[in-house]
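Coordinate analysis (summary)
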Amino acid sequence: MELPGRLAALAIHVPAGSVLADIGTDHALLPVFLLKNGICPRAIATELNNGPFLAAEEAIGQSGLKELIETRQGDGLQVLRPGEAQVIVIAGMGGNTIRGILAGAPQVLERVERLVLQPMADAGDLRLWLCQNGWKIADEVLVEENGRVYVVIVAEHGLEATADPLLLELGPRLLENRDPLLKFHLEKVVMDYRRALSGLAKSGSSAAREKALLLREKEAKIERLFNCLQP
Ligand SMILES: C[S@@+](CC[C@H](N)C(=O)[O-])C[C@H]1O[C@@H](n2cnc3c(N)ncnc32)[C@H](O)[C@@H]1O
C-alpha cells in the first residue's frame, strides 16, 4: 500500500514506536498505513462527522487492524484522554480550525510529544499560536500533490527561536532548510498579496490604505529574502 504524497509526508514525521491519534481521519489511510508498516503499535482514529466516521470504520475493518486502530467519534481532541497518544496528526483542515482544536484541550497537549499538522490555509496563524503556547517548529516541509503545494508542520514542546511575524507566516524551517519548493511557495504568497492589494485598491477607507501599506512592506521583504536565497 502506497500513500499519496501529502499523506506520505505526514507519515515520515511520525516516529517509529509511537501511539498515534489521527484527528479528522476521514478514510483512515494514514493510521492503516502506519500500522500495516509496523511504524505505530496502536492508533486512535477520530472523526467529527458521521459519513467520514463510517468510512474510517469500514476501511479499518477491511484492513484487519480493528484490534489496533480504535475509532472514536467526536470533536477534535475532546475524545482523547491525556497520555493516550504520543503523536497527534491533524491534517486537511484550515489552520484556524486546527488552532481551535489544539487550544481546546491543553491537558491532552501537555502529554503529547509531537504534533504533525497540515493546514490547508492560515499556516502563519497556526505557527504563531504554536509559538505563543510553548511549542517550537521542529521541522517543516512542502509537498506537491496534483499541482497543489501543501505544508507539513512538525511541532514539539519548546521555545521557538523565530519571533518575526513574517518569518512565522512564511515558515521559518522552510526558509532555513531552503525547501526545494520554497520558490514556488514564496511566489504564491506574493501572488496572494497582490490579489488582496487589488481588492483593497477599490476601497478608499483609511483601514484599507493601512492594510495595503503593510502588504506592500511584506512583499518588499519577501523579495529581499528571495534575492538572498538565489544561489
Ligand atoms: C479534508 S478531510 C482530511 C482527512 C485526512 N485527515 C487527510 O488529511 O486526508 C477533514 C476531515 O476532518 C474532519 N473534521 C473536521 N473538523 C473536525 C473536528 N473538529 N474534529 C474531528 N474531525 C474533524 C472532517 O469530517 C473531515 O473528514
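Refer to the preceding data block for the structure.
This text gives an overview of the structure that appears in the document. (Residues numbered from 1 in each chain as written. Predicted model: local features only at pLDDT ≥ 70, side-chain atom pairs only at ≥ 80, totals over all residues. Heavy atoms only, no water.)

Moving on: the nonpolar core. Counting residues in hydrophobic clusters, the biggest one holds 45 residues, and the most contacted among them are L77, I88, I90, L102, L115, L117 and L130. In this structure, this core is formed jointly by two domains, domain 1 (5-160) and domain 2 (183-229), each of which donates at least three residues. Once residues lying within four places of it in the same chain are set aside, the contact partners of L77 are I23, I88, I101, L102, A105, V108 and L109. If you look at the next biggest cluster of nonpolar residues, it comprises 27 residues, including A28, L30, A43 and A91. (Core = buried A, V, L, I, M, F, W, Y, C linked by side-chain atoms within 4.5 Å. Buried < 20%, exposed > 50% of the residue type's maximum accessible area, 1.4 Å probe, protein only. Domains from an automatic or database assignment. Contact = heavy atoms within 4.5 Å.)

Another point: the sheet that holds strand 2 (residues 43-47). Here we have seven strands laid out as an open sheet, ordered 3-2-1-4-5-7-6, and mixed in their pairing. Looking along the sheet, the strands with just one partner apiece sit at the ends: strand 3 (69-73) and strand 6 (135-145). Between one strand and the next, the sheet's axes are offset by a mean angle of 15°, whatever the strand orientation. Bridge analysis of strand 1 (residues 20-23) against strand 4 (residues 87-93) gives four bridges, and the strand direction is parallel. Looking across to strand 4, one finds that I23 is bridged to I90. Strands in contact with helix 3 (residues 50-63) are strand 2 and strand 3; relative to strand 3, the strand with the most contacts, it is inclined by about 165°. Sheet strands in contact with helix 4 (residues 95-103) are strand 4 and strand 5 (114-119), and its direction is about 150° off that of strand 4. (Pairing = 2+ DSSP bridges. Helix = DSSP H or I, 4+ residues; strand = E, 2+ residues; numbered from the N terminus. Axes fitted to C-alpha atoms, helices over the stretch in contact; angles between N-to-C directions.)

Counting across every chain of the model gives zero aromatic pairs. The ring of Y150 has R6 lying over it, and the distance from NZ or CZ to the ring centre is 5.7 Å. (Phe/Tyr/Trp six-rings, centres within 6.5 Å; stacked < 30°, edge-to-face > 60°. Lys NZ or Arg CZ within 6 Å of the ring centre and 35° of its normal.)

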